Amino acid sequence: DTGVSQNPRHKITKRGQNVTFRCDPISEHNRLYWYRQTLGQGPEFLTYFQNEAQLEKSRLLSDRFSAERPKGSFSTLEIQRTEQGDSAMYLCASSLTGFENTEAFFGQGTRLTVV
Amino acid sequence: QQPVQSPQAVILREGEDAVINCSSSKALYSVHWYRQKHGEAPVFLMILLKGGEQKGHEKISASFNEKKQQSSLYLTASQLSYSGTYFCGTDLNSGGYQKVTFGTGTKLQVIP
């Protein structure tokens, strides 16, 4: 296992189209997170899962955004009816539970450009 | 609420020291420090827990003042490889990494 994997790395889409991103976490990690990062900003929390349960969603996650993690393994983030403001880097991270000093490991992200 | 980092940017010559500060308006359980190089994923540096000790990692160390809700990252004898953007992340909850809110980052450039 070489780390958190995200696909695709880049996505260009026309405004109004739907897009879906995939994240494969480190295999033994039961927590999975989605962040959005725009240029010059820190990662913004979107949502996180523990196993297959979505435990929290940010207010940033509008109705056009949906995330799933079937069977507690990989996760998908779908954006419907994309808008230009959705252009950003979407980062996925994963971590273990059960330890206070656990860190999250980030993937390299999917860069979305909405034209 | 997003933690505030200072300075926003700093340029160092190799061998110089730097301090990056992170402050929050809320009581924190943990502070997480990451470094991100351009076009790459954020990479974990260290985590500081409420009631824990100052951490060290080679020539990079950090402290956490729970009462002031502040953390500082210390980089000593900087190397070219330290260049990147440093983010602090804060978590209000115990139980390991959960809903970590990141600051806007401090861009560090180390020059020869």
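Here the structure is shown first, and the text comes after it.
A few points on the structure. (Residues numbered from 1 in each chain as written. Chains lettered and ligands numbered in written order. Predicted model: local features only at pLDDT ≥ 70, side-chain atom pairs only at ≥ 80, totals over all residues. Heavy atoms only, no water.)

A closer look at the interface of chain A and chain B
Then, number 1: Contacts between the two partners involve 23 residues from chain A and, on the opposite side, 21 residues from chain B.
Then, number 2: Note on chain A versus chain B: buried area summed over both sides is about 1,900 Å², and carbon and sulfur give 53% of it.
Then, number 3: Seen at the junction of chain A and chain B, the total is one salt bridge.
Then, number 4: A salt bridge links Lys99(B) to Glu56(A), with the nearest nitrogen and oxygen atoms 3.1 Å apart.
Then, number 5: When residues of the side of chain A that touches chain B are traced back to their parent elements, those giving at least two are β4 (31-37), β5 (44-50) and β9 (88-95) of chain A.
Then, number 6: Counting residues per element, the side of chain A that touches chain B draws most heavily on β4(A), at four residues.
Then, number 7: Of the residues that constitute the side of chain A that touches chain B, the class distribution is nine nonpolar, nine polar and five charged. (Contact = heavy atoms within 4.5 Å. Buried area = accessible area lost by both parts, 1.4 Å probe. Salt bridge = Lys/Arg side-chain N within 4 Å of Asp/Glu carboxyl O. Helix = DSSP H or I, 4+ residues; strand = E, 2+ residues; numbered from the N terminus. Nonpolar A, V, L, I, M, F, W, Y, C, P; charged D, E, K, R; others polar.)

Things to note about the environment of Glu14(B)
Residue and element names in this part refer to chain B.
Then, number 1: Along the polypeptide, Glu-14 turns up in the loop between β2 (9-13) and β3 (18-23).
Then, number 2: Along the primary structure Glu-14 and Ile-111 are separated by 97 residues, whereas in three dimensions their C-alpha atoms are 6.0 Å apart.
Then, number 3: With residues near it in sequence (within four places) discarded, Glu-14 still touches Ser-78, Leu-80, Val-110, Ile-111 and Pro-112.

A short note on the pattern of salt bridges
Residues and elements named next belong to chain A.
Then, number 1: Inspection of the entire model under this criterion finds five salt bridges over all chains.
Then, number 2: One salt bridge connects Arg-22 with Asp-24, and the closest N-O pair in it is separated by 2.8 Å.
Then, number 3: For Arg-22, a relative accessible area of 34% gives the class partly exposed.
Then, number 4: For Asp-24, a relative accessible area of 24% gives the class partly exposed.
Then, number 5: One salt bridge connects Arg-64 with Asp-86, and the closest N-O pair in it is separated by 2.8 Å. With Arg-64 in the loop between β6 (53-57) and β7 (65-68) and Asp-86 in the loop between β8 (75-79) and β9, this residue pair connects regions lying 22 residues apart in the sequence.
Then, number 6: Through salt bridges with shared partners, one network takes in Arg-64, Glu-83 and Asp-86. (Buried < 20%, exposed > 50% of the residue type's maximum accessible area, 1.4 Å probe, protein only.)

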